[in-house]
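A closer look at the structure
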Amino acid sequence: MVFARFEPGGDRYQLVENHAWIKDFGVRYELGVDGIGVALIGLTALLIPFIVLAGWHDADPLETASKRWRPTQGFFALILMVEAMVILSFEATDVFLFYILFEAMLIPMYFLIGGFGDRAHSGSDENAAAQRSYAAVKFLLYNLVGGLIMLAAVIGLYVVAGNFSLTEIVEARANGSLEMATSTERWLFLGFFFAFAVKAPLWPLHTWLPNAMGEATTPVAVLITAVVDKVGTFAMLRFCLGLFPEASKWATPAIVVLALISIVYGALVAVGQRDIKRLVAYASISHFGFIILGIFAMTTQGQSGATLYMVNHGVSTAALMLVAGFLISRRGSRLIADYGGVQKVAPVLAGTFLIGGLATLSLPGLAPFVSEFLVLVGTFARYPVAGIVATTGIVLAALYTLVLYQRTMTGPVKEEVRALPDLRARELLVVAPLIAVLIFLGVFPKPLTDVVDPAVRHTMSDVQQKDPQPQNVEAAK
Amino acid sequence: MNPVNYLYLAALLFTIGAAGVLIRRNAIVVFMCVELMLNACNLAFVTFSRMHGNLDGQIIAFFTMVVAAAEVVVGLAIIVSVFRARHSASVDDASLMKL
Amino acid sequence: MENLIALLIGAPLLGAAVLLLGGRRLDRTGHWLGTLLAAASFVIALVLFVDMLGKGAEDRALHQTLFTWIPVGTFQADMAFQLDQLSMTFVLLITGVGTLIHVYSIGYMEHDERRRRFFGYLNLFVAAMLLLVLADNYLLLYFGWEGVGLASYLLIGFWQHKPSAATAAKKAFIVNRVGDMGLSIAIMLMFTTFGTFAFGRVLEASDQASEGKLTAIGLMLLLAACGKSAQVPLQSWLGDAMEGPTPVSALIHAATMVTAGVYLIVRSADIFNAAPDAQLVVTVVGAVTLLFGAIVGCAKDDIKKALAGSTMSQIGYMILAAGLGPIGYVFAIMHLVTHGFFKAGLFLGAGSVMHGMNDEVDMRKYGGLRKYMPVTFVTFGLGYLAIIGFPGLSGFFSKDKIIEAAFAKGGTEGWILGAVTLLGAAITAYYMTRVMLMTFFGEKRWQPDAEGHEPHPHESPKSMVIPMILLAVGSVGGGAVFEFSGFVEWLEPVTGFEHGHAPISAAAVTAATVAVMVIGVGLAYLQYGRGPVPVVAPRGSLLTRAARRDLLQDDFNHAVFVTGGTHLTRSLVYVDHSLVDGVVNGTAAAVGGLSGRLRKLQNGYARTYAVSMFGGTAVLIAATLLMRAV
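Numbering of residues begins from 1 in every chain and follows the order in which that chain's sequence is written. Each chain takes a letter, starting from A, and each ligand takes a number, starting from 1, following the order in which they are written. Per-residue local features are limited, in this predicted model, to residues with pLDDT of at least 70; the limit for side-chain atom pairs, both in listing and counting, is 80 or more; totals at the level of whole chains, interfaces and linings are taken over all residues. The side-chain quantities take in all heavy atoms of the structure and omit both hydrogens and water.

Secondary structure is summarised from DSSP: a helix means a run of H or I of at least four residues, a strand means a run of E of at least two, and numbering begins at the N terminus for each. Across its full length, chain A holds 20 helices and two strands. Residues classed as buried in chain A amount to 65% of the 477 residues present. When checking whether two residues touch, look at their non-hydrogen atoms; a contact exists if any pair is within 4.5 Å. Put simply, of all contacts in chain A between residues at least 6 apart along the chain, 81% involve residues at least 24 apart. Counting every atom, chain A has about 15900 Å² of accessible surface; 64% of that belongs to carbon and sulfur. Only protein chains enter the accessibility calculation, which uses a 1.4 Å probe; a residue whose area is less than 20% of its type maximum is buried, one above 50% is exposed, and one in between is partly exposed. For every accessible area listed, the method is Shrake-Rupley and the probe measures 1.4 Å; residues are considered covered only by the protein chains on display.

Scanning chain C from N- to C-terminus turns up 24 helices and two strands. Overall size of chain C, expressed as C-alpha extent along the three principal axes, is 115 × 65 × 60 Å. Going through the 630 residues of chain C one by one, you find that 58% of them count as buried. Partitioning the contacts of chain C with sequence separation of at least 6, the portion at a separation of at least 24 is 80%.

Here we come to the pairing of strand β2 (residues 75-83) of chain C. Residue and element names in this part refer to chain C. Of all nine residues in β2, seven are buried, a share of seventy percent or more. For two strands to count as paired, DSSP must find a minimum of two bridges between them. By the bridge criterion, nine bridges tie strand β1 (residues 62-72) to β2 in an arrangement that is antiparallel. Along β2, the bridge assignment pairs T65 with A80. From the end of β1 to the start of β2, which pair antiparallel, there are two residues, and G73 there has a positive phi angle of about 55 degrees.

The subject of this paragraph is the interface of chain C and chain A. By convention, interface size is frequently given as the accessible area that disappears when the constituent parts associate. With 57 residues of chain C at the interface, the matching set in chain A holds 65 residues. Regarding the contact of chain C and chain A, the summed buried area is about 5300 Å², with carbon and sulfur atoms giving 69% of it. Put simply, a salt bridge is a Lys or Arg side-chain nitrogen that is within 4 Å of an Asp or Glu carboxyl oxygen. At the boundary of chain C and chain A, one finds one salt bridge. A salt bridge links A:K344 to C:E113, with the shortest nitrogen-to-oxygen separation between them at 3.7 Å. Simply put, the buried area is the total loss of 1.4 Å probe accessible area from both parts when two parts are fitted together.

This paragraph deals with the nonpolar core. The nonpolar side chains of a soluble globular protein tend to be buried, and buried together. As used in this record, nonpolar core signifies buried Ala, Val, Leu, Ile, Met, Phe, Trp, Tyr and Cys residues forming a set joined through side-chain atoms within 4.5 Å. A:F192, A:F196, C:Y138 and C:L139 are the most contacted members of the largest nonpolar core, which has 387 residues in total. If one sorts the elements of this core by residue count, helix α10 (residues 218-243) of chain A sits on top with 17 residues.

All names here are of chain A. If you trace the backbone, I285 turns up in helix α12 (residues 276-296). In sequence terms I285 and V154 are 131 residues apart; their C-alpha atoms lie 27 Å from each other. When near neighbours in sequence (up to four residues on either side) are disregarded, I285 contacts P201, H206, L209, P210, S262 and G266.

We now examine the packing of aromatic side chains. All names here are of chain C. Only the six-membered ring of Trp is used, alongside the rings of Phe and Tyr, when aromatic pairs are assigned; centres must lie within 6.5 Å, and planes under 30 degrees apart are stacked while those over 60 apart are edge-to-face, with the rest tilted. With the rule as written, the count across this model stands at 41 aromatic pairs over all chains. Ring geometry for F49 and W490: centres 5.6 Å apart, planes at 80 degrees, overall edge-to-face. Residue F49 is found in helix α2 (residues 30-53), and its partner W490 is found in helix α20 (residues 487-495); the two are separated by 441 residues along the sequence. Classification of W490 by relative accessible area gives buried; the value is 10%. Ring centres of F377 and F440 lie 5.4 Å apart, and the angle between their planes is 55 degrees; on these two criteria the pair is classed as tilted.

To continue, consider the arrangement of the chains. No other pair of the two pairs of chains in contact has as many contacts as chains A and C. In this assembly chain A lies apart from chain B, the nearest approach of their C-alpha atoms being 24 Å.

Take the confidence of the model for chain A next. Residues and elements named next belong to chain A. Predictor confidence is given residue by residue as pLDDT, running from a minimum of 0 to a maximum of 100. Residues with a pLDDT of 70 or more make up 85% of chain A, whose mean pLDDT is 80. The spread of mean pLDDT over the elements of chain A runs between helix α20 (residues 473-476), the lowest at 41, and α12, the highest at 90. Across residues 1-5 the pLDDT falls below 50, and counting only partners more than four positions away or on other chains, this stretch makes seven contacts in the model. Counted against residues more than four places away or in other chains, residues 473-477, with its pLDDT under 50, gives six contacts.

By the secondary structure assignment, A:K277 is in helix α12. Classification of A:K277 as buried rests on a relative accessible area of 1%.

Interpretation of this model should avoid reading the predicted coordinates in detail wherever pLDDT is low. Residues and elements named next belong to chain C. Here chain C shows a mean pLDDT of 86. Residues at 70 or above account for 99%. Within chain C, the lowest mean pLDDT, 75, falls on helix α22 (residues 542-548), and the highest, 92, falls on helix α11 (residues 260-267). Interface scoring of the predicted complex returns ipTM 0.85; its pTM is 0.84.

Now for a nonpolar patch on the surface. The grouping of B:V73, B:V74, B:I78 and B:V82 at the surface amounts to a nonpolar patch, some 340 Å² of accessible area in total. Along the chain, B:V74 falls in helix α3 (residues 56-86). Patch building starts from residues that exceed 30% relative accessible area and form no salt bridge, then joins like charges within 9 Å and nonpolar side chains (Val, Leu, Ile, Met, Phe, Trp, Tyr) within 5 Å.

Residues and elements named next belong to chain A. On the secondary structure map, D275 appears in the loop between α11 (245-271) and α12. Take D275: its relative accessible area is 8%, and that puts it in the buried class. Discounting chain neighbours no more than four positions away, the residues touching D275 are R334, L335 and I336.

Residues and elements named next belong to chain A. By this rule the span expected of a helix is its residue count minus one, scaled by 1.5 Å. In this model, α10 (26 residues) spans 36 Å end to end at C-alpha, consistent with the 38 Å of a helix rising 1.5 Å per residue. Values of bend correspond, residue by residue, to the angle between axes fitted over the seven residues ending at that residue and the seven starting there. Of all the bends in α10, the greatest, near 35 degrees, is centred on A235. For α10, the tally of buried residues reaches 26 of 26 residues, placing the bulk of the element in the interior.

Our focus in this paragraph is helix α16 (residues 374-388) of chain C. Residue and element names in this part refer to chain C. With 15 residues, α16 extends 21 Å between its outermost C-alpha atoms, agreeing within 8% with the 21 Å of an ideal straight helix rising 1.5 Å per residue. Considered for burial, the residues of α16 that qualify are T376, T379, F380, G381, G383, Y384, A386, I387 and I388. The positive-phi residue at the C-terminal boundary of α16 is G389, with phi of around 85 degrees.

A cis amide bond links A:A200 to the next residue, A:P201, at an omega of -15 degrees. Assignment of secondary structure puts A:P201 in the loop between α8 (182-199) and α9 (208-215). The backbone of A:S362 shows a phi angle near 60 degrees, a positive value even though the residue is not glycine. You can see A:S362 is positioned in the loop between α15 (347-360) and α16 (367-382). Judged by its relative accessible area of 4%, A:S362 falls in the buried class. A positive phi angle, close to 60 degrees, is found at C:D359, a residue other than glycine. Looking at the element boundaries, C:D359 is found in the loop between α15 (329-356) and α16.

Residue and element names in this part refer to chain B. Disulfides are defined as pairs of cysteine sulfur atoms found within 2.5 Å of each other. Inspection of every chain in the model, using the stated rule, returns zero disulfides over all chains. Here C33 stays free of any disulfide, with the sulfur of C41 as its closest cysteine sulfur at 14 Å. Accessibility expressed as a relative area gives 11% for C33, which makes it buried.

With the rule as written, the count across this model stands at 16 salt bridges over all chains. Residue A:E427 pairs with A:R424 through a salt bridge whose shortest N-O separation is 3.6 Å. Taking the relative accessible area as the measure of exposure, A:R424 reaches 46% and is therefore partly exposed. Put simply, C:D301 and C:R364 hold a salt bridge, and the shortest N to O gap is 2.8 Å. With C:D301 in the loop between α13 (276-299) and α14 (303-323) and C:R364 in the loop between α15 and α16, the pair connects residues that are 63 residues apart, well separated along the chain. Comparing C:D301 with C:R364, the two get one shared label, buried. Linked by salt bridges that have partners in common, A:E215, A:D275 and A:R334 make up one network.

Turning next to the packing of helix α18 (residues 411-440) of chain C against helix α21 (residues 506-529) of chain C. All names here are of chain C. Inter-axis angles, ranging from 0 to 180 degrees, are taken between N-to-C directions of lines fitted to C-alpha atoms, where helices are fitted over the stretch in contact. Between α18 and α21, the shortest axis-to-axis distance is 7 Å and the interhelical angle comes to 35 degrees. Here α18 runs over α21; the crossing is right-handed. Taken together, the residues of α21 that come into contact with α18 (itself represented by L422, A425, A426, A429, Y430, T433, R434, L437 and M438) are A512, T513, V516, M517, G520, V521, L523, A524, Y525, Q527, Y528 and G529. The classification used treats Ala, Val, Leu, Ile, Met, Phe, Trp, Tyr, Cys and Pro as nonpolar, Asp, Glu, Lys and Arg as charged, and all other residues, Gly among them, as polar. When grouped by side-chain class, the residues that make up the contact of α18 with α21 number 15 nonpolar, five polar and one charged. Here a crossing is called left-handed whenever its near helix is offset anticlockwise from the far helix by less than a right angle, and right-handed whenever the offset is clockwise.

All names here are of chain A. Along the chain, N143 turns up in helix α6 (residues 125-161). On the basis of relative accessible area, N143 is assigned to the buried category, the value being 3%. Those residues in contact with N143 that sit more than four places away from it in its chain are E103, L106, V198, K199 and W208.

Here you go:
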């Protein structure tokens, strides 16, 4: 519905809602969407139904262990709560409101990770429960620390600016009525960035993600990486760049380096994983490196690419991870070594898995290619060396994806997988639309770029950056 | 007589009381030492009242006495019931709150 | 007319989609559908070709824009096609040879239960390859480039229940990805230099960019070409790729996909013309690969791997020619097309032999097959004569031209390159004669396999024989047709052409070429034709043993990249677990430890608390007094 009412060419923020909330501090319930927000809201609204459908049986009460009965309705209620908060946070244009949502999201996520674990666990039940609660607590603590530092920065921002409204602050900064001391701006920027970097996650603040994704049920893992983490990268784009343009430029070299480390490091560690879900988690870390790289490349291509990347990565990871989840639930193991020759037994499952994998390695014709290439071009235009280093990521992505595919799907059929059934109708219903979206956006991404492009130009003008011009622009004309 | 001498006495009594609270184990003795400290304070209040020539200190002294009386009632009752339950009035034995 | 271009790609793409999504219902008819759509594409290509012939040389190029693909700021990529003479040549080769191989596969894959899927992949390949040669900008070319890589991956690993096939497929894709890195960096460089990556505008503007930039772009394009065309140092995947079904080796790994690198370089002619350093590197890569592939081809006993070495070597010729600049482009393409004919024919012949020999690939277990498979023998023999450059056959014309052009490069370089190409021609004659003699001549050497089945060599079915005959006709006549029908004039508007001035006369070069060929054949005859061939390979010289292992390149890769990479990833996993995560867990442990210490203070003795209260009060009072005093 939001999509229908949003006009790409119109004002920057549309569908604005504005109510006073806590009058004393000028906290307002202020909502509005720009193109970037719309794209991500679209992603969230698209994915959640599939996540719910994919997790249809994941929270069913266990017959065998009656004491570990788990409320099925609660599972879906929590997912929907997360959805609501994520969408609101994509819309919030009040910094304080955003902070509240950013933190409140943790509560349902904590219960989703800690309360509903992956049943395919190699250890005993107690062992599984212990690891699960370790993962959940780790997730919570990481994000809380980030959130608290952000709270300090939010308060600091209020002290400096006198209100919480993103639109007003950005405007005031643009017309020069709000001056910030350089060091103040930098500290506030770091406060915000730290929280977002934990959420995103950026190296070296990433270690909660593999644990959380490994221990949670697959739909929840998809929820974390495909939807919730996007809030982090989205907030970098909207808040960090919008509120602190100067500090963003100041911090760019360091962030670019961190993003590059994320890309290469995530991919290399992914190659060495033995657990399918952790492998996908590290692959995601590598992809988040690309997104952050695109945002801080400060070029139209980079930022548009980063926004598209958020959407495309959401869809592609969802496709790959959900198929992997179907596979795992059949065999009851997350270890790559426990599989082999699945292709022969369940060709449709293997085929969809391969397409998900190919999307992960950014094959042209599938959506992630468009965004990855835009990020690379955008980065290369400003930082050629960084662009080249990031390009090695495409080789590494091929490596971890194909190694995973080869070890699980090809080769002689293992005895334990001989009886695996192929995808069922419900599962196909989950995967097929996602693949269709991947192919459609890979061949014809224009609808999405049209929505995103104007918003990116606004952001670019906020940071007062222009695209580097081609050296031979005269010659080209 | 110089009123300061009363203050010295009050300080002495207070110190004796405090030392008693810290050193003795018998709850009754600890309790009496607390009373001693309260009375030292009373003495100091009255002395100051005299020195400064207004009655506020004396009024507070009365309040303290009332509080002390109430405290004795409650405190002794607790000590007696603890003694009945454990056959001991040692302060150190009552350390259940320790983690 | 231009609207037909999209249809050209659309037909096989439709085939791929229908066959792959259609499910088991299409198992019985799928292969016909796939073949039909490939043939339809060929017919469309013929129509376009005839139309193109009817036009003047300058306005033969057709353009079709479907829609804007990626529009972001100044970054504009269109889904647009360009069909000029160069593309047309490729389109005819791809659809023509492609259709023949579809027909061949009907027979070859008859007993495979997944034949429908095989045809789906083949159609996908044809569509992607057409996209590659029809794209009108580098990004769309990249799309096709990776598309053929995917099809190649799927087809090499078609028998993926064999771990060797799955590994080979993965290796091919990953090595190709290294090349793709080069292509994407080249595109990025173009974008930052010219603000565009459409062929027309980049190539027009290429003379105005600095030479350093152009050299960088050229080298990156060369890296891409090395990956796709199996040139040193990225050649290692091609030998392993022979794990795929033989029609795949013929179509993808001999006739079409592996030549995409040559296409890329010739297409970017203007960039290379303005960057002589890059050109020099191209010729060096071509020359090295030419010898490398030839030497490897001499030592292999696996018939397909011997042919793969030969493919590498022949593409080396093409790359070398493309590196020579305007004097070589046309001949690179010419050799590419003739090679497409005779090498596809040779592979199909090899496939036919394997079909009759229970999928045995070791040539030492063949021998004397000419009696059992006469048609295969004749067609393979014609392909053989073509590749060694027997006068009058297609390989003779195209290879002779390249050798001539190499000499015409001038200076010391010209002499070196000329000598290398001549040496290559001699080795080519040697190893191809070896293959020929070991397979079709001498005594029969096959033995019953472990289960006691003795192979019964027999001629292959018609669906396999007819494509072989047609390709043999192409191998025989192709060169002469090109030579006398004005191929040079046909391509010149696109690639440019200059007559080279060789330091020695053309006739002398031809004579030398024929002479080295005779020497090569003679040597091989002396070694393999006169006495019996041992069934078990002799130990061989150091060079032979190295060549059997692909001149140790795989061992090098394994030692450096695989082993090194494994260690790197293992240590990174360890670092991630113990160091990065450890710092965090360490912080948590430190906080926990601190609170443990603090907990000890709460010992439960009321008197301890009282002491701290008194102490605190005393400190407070002291502080107050102190503040007063100050």
